[in-house]
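Tertiary structure, described
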Amino acid sequence: MNRKNEPFKLSFIKVNAYGEKSMEKLIRKQDWLYENAGMDWRDGLLLGNGELGVAAYAPSHLEWVVNKVDVFDPTVEKGLLEKMIPHAEFLRRIRRMNPKNTLFLRELEKARTEQPENIRNTLSAAVLRLRFWRGIGWSAPAVPRTSQHLSLYDGILHEQMEAHRFHPRLRMFVPRENGLFCLRITEPEYRDRCHILELVRPPNEILEPPVWKSGASSLSFLQKLPGGESSYAVCAFFVPKNGGSEAAPSLRQGVWAEMTQSGDADLFLAVKTSYEAADPLSAAEKEAAEAAEKTFDVLEREHLAWWHHYWDNAYADFGKYHSVQKYFTFGLYALACSFGKAPMPGLNGLSYGPLGEQIPGVGCQGYTHDQNAQIPSMPFGPLNRTEFIRVLADTYLNARETLREHTRRLFGCGGIFLPLAANQLGMEYPTRAYRYTLCGSAYTGLVLSMAWRYSRDETLLREKIYPLLREFAEFYTGILQKGGDGVYHLDWSVTPEIFTLTRDETATLSMLKVCLETLVEAAALLHTDADRLPLWKDILAHYPEIARTPSGAFWCGPDVPFDHYFYGGHILYPFFPAAITQDLKGARKTLELINRDAIERSFADRSGQRHMNHEWSQFLTTAARLRAGDRAGGWNGLQRFLELFAKENGLFSHDPILIADPAETEKNERKYASRLRRGRRWCDGSLLTDDNPEVPHPMCATPNPNAKRLAPAVLEGTSAFLFLAAETLLQSHGGILRLFPGVPGDFSGSLDRFLAEGAFEVSAKMKNGKTVSVRIHSLRGGTVRLENPFGKLPRVLLRTLKKGESVTLTEKNARALKKNFFLLAGPSKTP
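The structure presented is a predicted model; accordingly, all values stated were derived computationally and were not measured.

The next point concerns the overall build of the chain. Across its full length, the chain holds 19 helices and 36 strands. Relative to the globule expectation of 28 Å for 831 residues, the C-alpha radius of gyration of the chain, 27 Å, shows essentially globular dimensions. Counting only C-alpha atoms and orienting by the principal axes, one finds that the chain spans roughly 80 × 70 × 65 Å. When each of the 831 residues of the chain is scored for burial, the buried share is 62%. Expressed as a percentage of contacts within the chain between residues at least 6 apart in sequence, the contacts between residues at least 24 apart total 70%.

Structure follows, in C-alpha cells:
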C-alpha cells in the first residue's frame, strides 16, 4: 500500500449538447425517496467518495455503518499458502492424469486454518448511532417514522423523523478526497432536544479491544487489525449550533462509547489508517478538528461543486422507461461513491456491514479475478468516466512487488499473475481446486485496454495502463510455449467455475489477445520496449485458434469434452467482452447452446420463464445478445436484470431475488425439469447429478416482500446494469458507431456525451424509433465510422475530425451527407 497515493481529480471537456439545466432537471427527478427508511445496512442508502462509504438506515433510532477501502483484514492463511505446489510440479502431477482436473488439490493443498473463512469477510470501520431517548422498557416511546431523501445530483442525504412533538431533521454527505463524514442535526421546534451519540467498533471476535480516547466534544478509538501490523482510528467531533450545548463524552469499556449533547449540532467523523498515516489516531483527530474549523457550510459548498461537475458529463434520457432511468442514474451516482482512491472496493463495494457477533461482515472483502473484480470497471469507457480506471490500476501497482514475488514463487517467471482470489495487498487467498483459473491478469488487462480504446489518453496509458499490461504479458509469456505446429499454446488451466483442465483455455486466450494488441500499439506510440515487441508480435502472428463445438459455438477449450457441464457466461468471452471476433453466427450458436444446456439456468421462476442464477451471467448473455443484433432479446434481458437483481435502495444483489408465489415457481420448475438434465458430465467423467454441490441452487423465489431489502449488494451488479443500459443506446466495438442498437421500436429518448472507442463524444436523439439528430465531438482526433442512422440501407459513414472538432447531423440534412459531412462507405456487415 502506498501512503502517498493521492485520489485523482476529475477533469472534463464541457460539450453538453442538450442543455445543462434540462439535464439537471432530469437527474433531480431521479432522487431516491424512502417514506420509511431501511432498518439495517442492507437496505441503507449509500453515501461515499470512493474512499469512505456510509450506509444510512433507521432501526428505530438513526444509524450509520461506516466503511473504508483500506480498513480490511490483511491476513491470509499461511498454512494453505505454504501447501501450494509450484506450477512445474503441478504440470508433472497431471501429465499422466486422465481425465485431467484440479480436484486432487483439495486434499494435496489442505491445511489447518486459523479462521473459519479462508477468503476473509469484510470489516466495517465503525457504526454510529444517534438516539433521542434511553432504553425501550416499559416506558418505550412510539417509534418515529424516519423518511429519507437522497439527492443524487447533490450527493446529499436528508432524513426527517416524525412523531408527536418530535421533528428532527438531518443533512449529511461524504466530502470528496478525505475519510470524512459530515452530519448536521437541527430541530427548530425543540432547541433543547437531547442527543445520545454512540460510537461503536463493530463486534468481531478476531479483533483486539479498541483503545478509547475522549477530548473536548470528541470521542475516538484506535483499533489494531488482525496480524497486528496495521491499524485504523475513528474520531467523532461535535460542534454545537444555534445555542446547542457542548458534547459530554462518556468512556466505557468494550466496543462502544457515547457522547450526550442537546440542541442543534454538526458532527464530523473521520477515519484514518496506518496505510496513510504513521499515527492514525492523531491523523483522525486532526482531520475531524480541521473539518470543524472549516465548517459544515464550506465543506458542503465544495461537495456540491464536485458533484455538479461530475454530472456535467455523459448522461441519458430513457423516456418512458422510468425504472431504467432511475437505476441508470443511481448507478452513475454509485460509481462515484465507490471509486476515488486505491485500493478499489471489493465484491460488495462500500455497502456492507455487520449482522451480529456471529456474522461481523460479509464475504468477501477482497477481489475475485475471474470477473467480479473487473466488471465494476467496464462502464467507465462508454459512460465517459475513464479516469476512474486509475483506482483499479493503482490497486495493483501499489501491490506490484508482492504480486511479482508470488508469481515467481509459483510459476518461476516474471511479471504479475493475479490469483483467482486475493486481498488488497496482493496476497492470495488459496482456493485449492479453484485456483487454476488463470484469466485474472488477462481480464484486468482487458478492462485497462478498454479504457485506452475509449479515452485515447496517452498520459493515462503511460502512467497506469501500459505498466500493468507489460507485467501481465511478462507472466503469460512465461506460460506460453511455441509448439511443433508453430503456434503458441497456453499451459493447462481451467475455465472459470469448472475444474477440468485444458490447454489454450478460451477465456484467457480471448482477453490476452486484446492485451497483446494494446501493448504492440502502445509500445510503438510510447517508443519503448523495442526488445519485447518482436515476441509480442510473434505470439499474435502465431496465436492459437479459439475452441469451438462441432456446431460452431465457442467452447471452454480444446481438451474439455463437448458433453462437459459449463457456465454459459464464460464461453462467450471471444465475442464479449473480449470482442476479438465479430462472428455473429458463432455468437448466436453459443447463445443457443447456453439457452439449452448452461448449468446456471433456473426455472424457479414465474410460469413459462427462466433466468440465470447469477447477475454476472445475466449480464454477459444479455450483452452478447445486444451485440449480436437481438434487439428484443437484449432489451428484455435488461428489464429482467432489473426485475431479478435490483434492490429497493438502488443497488443490486449477486443472486436473483424474485418476489413470487412458491407454488407457481415450484410448478414451473417441475414442468421444465427435463430441460436441466441433458446428460452433461462432471469433471471426472461421470454424469452430473442435481445434488452435486457445484450445481447452483440459489433460493431465488419468495413471497416475502422485504426479501430484496434484506440481501447484501455487490458492486458488479451496478456496473453490469450501467454497461447494458449504455449498450442499448450506443455501441462502438469493431470501430463502428451504432446508434440506439438495442432499444424498442417506439423508443423516444437521448444520449449525451457518451464515449465511443477512439475518444469520440457522441450525443443523439431518437423520437418514436427514428434517430432525429447526432452530434460527434472528437477529443483526440481521428476518423469516425458511423452506421448511417437515417438511410434505409445499412451503410457506414466516414469523417476525419481534428482534435476538438465536432460535426452535427440531423434528419433534415441527411440527404446532403456526402456533400457536407461524410463520405459514404460500403454496406455495414454488423447488425
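As a further point, take the pairing of strand β12 (residues 218–224). The buried fraction of β12 amounts to five of the seven residues, a majority that puts the element mostly inside the structure. In textbook terms, the turn of a hairpin is the stretch between consecutive antiparallel strands, and for strand β11 (residues 211–215) and β12 this stretch comprises two residues, one of which, serine 217, has a positive phi near 65°. Strand direction decides the pairing type here: β12 and strand β13 (residues 231–240), joined by seven bridges, are antiparallel. Within β13, the residue paired with leucine 219 across the bridge is alanine 236. In textbook terms, the turn of a hairpin is the stretch between consecutive antiparallel strands, and for β12 and β13 this stretch comprises six residues, one of which, glycine 227, has a positive phi near 95°.

Here we take up helix α7 (residues 322–338). Side chains that are three or four residues apart share a direction in an α-helix, a result of its 3.6 residues per turn. Taking 1.5 Å per residue as the helical rise, α7 with its 17 residues ought to reach 24 Å, and the 24 Å between its terminal C-alpha atoms agrees with that figure. Along α7, 14 of the 17 residues are buried, which leaves the element largely enclosed by surrounding structure.

Spanning 14 residues, helix α14 (residues 584–597) covers 20 Å between terminal C-alpha atoms, matching the ideal 20 Å at 1.5 Å per step. Taken together, the buried positions of α14 are Leu584, Gly586, Ala587, Thr590, Leu591, Leu593, Ile594 and Asp597. The inward-facing, buried residues of α14 abut β24 (601–602), β25 (611–612) and α15 (615–627). Between a side-chain oxygen at the N-terminus of α14 and the backbone nitrogen of lysine 585 the separation is 3.2 Å; the capping residue is aspartate 583.

Another aspect to go through is the packing of aromatic side chains. Tallied over the entire structure, the rule returns 50 aromatic pairs. One Lys or Arg, lysine 100, reaches over the ring of tryptophan 492 and ends 5.2 Å from the middle of that ring. Just above the ring of tyrosine 34 sits the side chain of arginine 709; from NZ or CZ to the centre is 4.7 Å.

Most peptide bonds take the trans form, and the phi angle of most residues other than glycine is negative. Residue proline 343 is reached from alanine 342 by a cis peptide bond, and omega for that bond is 5°. Cis peptide bonds are those with omega within 30 degrees of zero, and the linkage from phenylalanine 576 to proline 577 qualifies with 10°. In this model, arginine 165 sits at a positive phi of 55°, which is unusual for a non-glycine residue. Assignment of secondary structure puts arginine 165 in the loop between β7 (156–162) and β8 (169–173).

This brings us to the layout of surface pockets. If a probe as big as a water molecule is rolled over the atoms, it shows which places are left empty. The space that makes up the largest pocket amounts to roughly 1200 Å³. Lining of the largest pocket is provided by 42 residues; of these, Ile119, Thr368, Tyr434, Glu497 and His654 occupy positions nearest its centre. Class assignment of the residues belonging to the lining of the largest pocket gives a composition of 24 nonpolar, ten polar and eight charged.

A few words now on the sheet that holds strand β32 (residues 770–778). Judged by pairing direction, the sheet is antiparallel, and its five strands sit side by side in the order β17-β30-β31-β32-β35 without closing on themselves. Each end of this open sheet is capped by a strand with a single partner; those strands are β17 (315–317) and β35 (806–810). For this sheet the average axis-to-axis angle between neighbouring strands, irrespective of direction, equals 15°. Bridge count between strand β31 (residues 760–767) and β32: eight bridges; the pairing is antiparallel. What sits directly across from phenylalanine 760, in β32, is serine 778. On the sheet, α7 packs against β17 and β30 (749–756) and is oriented at approximately 170° with respect to β17.

What follows covers the nonpolar core. Grouped together as the largest cluster of nonpolar side chains are 233 residues, with contacts concentrated most on Trp64, Phe181 and Phe328. Sequence-distant contacts of phenylalanine 181, that is, excluding residues within four places in its chain, are made with Leu47, Leu52, Val54, Trp64, Leu128, Met172, Phe173, Val174, Leu267, Phe268 and Leu269. Core analysis: the second largest hydrophobic core is formed by 16 residues, Cys235, Ala270, Ala284 and Phe296 among them.

Moving on, we come to the packing of helix α9 (residues 400–411) against helix α11 (residues 458–479). Running from N to C, α9 and α11 cross one another at 5°; their axes reach a closest spacing of 11 Å. With respect to α11, the axis of α9 lies roughly parallel. On the side of α9, the interface is formed by Arg400, Arg404, Thr407 and Phe411, while α11 contributes Pro467, Glu471, Phe475 and Ile479. Class assignment for the residues of the contact of α9 with α11 results in four nonpolar, one polar and three charged.

Note on placement: glutamate 727 falls in helix α18 (residues 715–729). We classify glutamate 727 as buried; its relative accessible area is 2%. Among the polar contacts listed, one links the side chain of glutamate 727 to the side chain of arginine 627, at a separation of 2.9 Å. Residues contacting glutamate 727, with those up to four places away along its chain left out, are Leu626, Arg627 and Pro741.

Take the pattern of salt bridges next. Counting across every chain of the model gives 56 salt bridges. In this structure, glutamate 198 engages arginine 131 in a salt bridge whose closest nitrogen and oxygen atoms are separated by 2.8 Å. Of the two residues, glutamate 198 sits in strand β10 (residues 194–200) while arginine 131 sits in strand β5 (residues 126–131), which places them 67 residues apart along the sequence. Glutamate 198 gets classed as buried once you look at its relative accessible area, which sits at 8%. A salt bridge links aspartate 457 to arginine 780; its shortest N-O distance comes to 3.9 Å. With aspartate 457 in the loop between α10 (440–455) and α11 and arginine 780 in the loop between β32 and β33 (782–787), the pair connects residues that are 323 residues apart, well separated along the chain. Owing to a relative accessible area of 13%, aspartate 457 belongs among the buried residues under this scheme. Arginine 780 gets classed as partly exposed once you look at its relative accessible area, which sits at 37%. Among the ionic contacts, a cluster of salt bridges with common partners joins Glu51, Lys68, Asp70, Glu276 and Lys341.

What counts, and where the lines are drawn
- Residues numbered from 1 in each chain as written.
- Predicted model: local features only at pLDDT ≥ 70, side-chain atom pairs only at ≥ 80, totals over all residues.
- Heavy atoms only, no water.
- Helix = DSSP H or I, 4+ residues; strand = E, 2+ residues; numbered from the N terminus.
- Rg over C-alpha atoms; globule rule 2.2 N^0.38 Å.
- Buried < 20%, exposed > 50% of the residue type's maximum accessible area, 1.4 Å probe, protein only.
- Contact = heavy atoms within 4.5 Å.
- Pairing = 2+ DSSP bridges.
- Expected span 1.5 Å × (residues − 1).
- Polar contact = N/O pair within 3.5 Å; in protein donor to acceptor, adjacent residues only side chain to side chain.
- Phe/Tyr/Trp six-rings, centres within 6.5 Å; stacked < 30°, edge-to-face > 60°.
- Lys NZ or Arg CZ within 6 Å of the ring centre and 35° of its normal.
- 1 Å grid on protein atoms, 1.4 Å probe; cavity = no way out; pocket = protein on both sides within 12 Å on 5 of 7 lines; lining within 4 Å.
- Points joined across faces, edges and corners; volume = space filled by probe spheres on them.
- Nonpolar A, V, L, I, M, F, W, Y, C, P; charged D, E, K, R; others polar.
- Axes fitted to C-alpha atoms, helices over the stretch in contact; angles between N-to-C directions.
- Core = buried A, V, L, I, M, F, W, Y, C linked by side-chain atoms within 4.5 Å.
- Parallel < 35°, antiparallel > 145°, perpendicular 65-115°, else oblique.
- Salt bridge = Lys/Arg side-chain N within 4 Å of Asp/Glu carboxyl O.

Bear in mind that shape data such as this cannot, by itself, settle questions of function.
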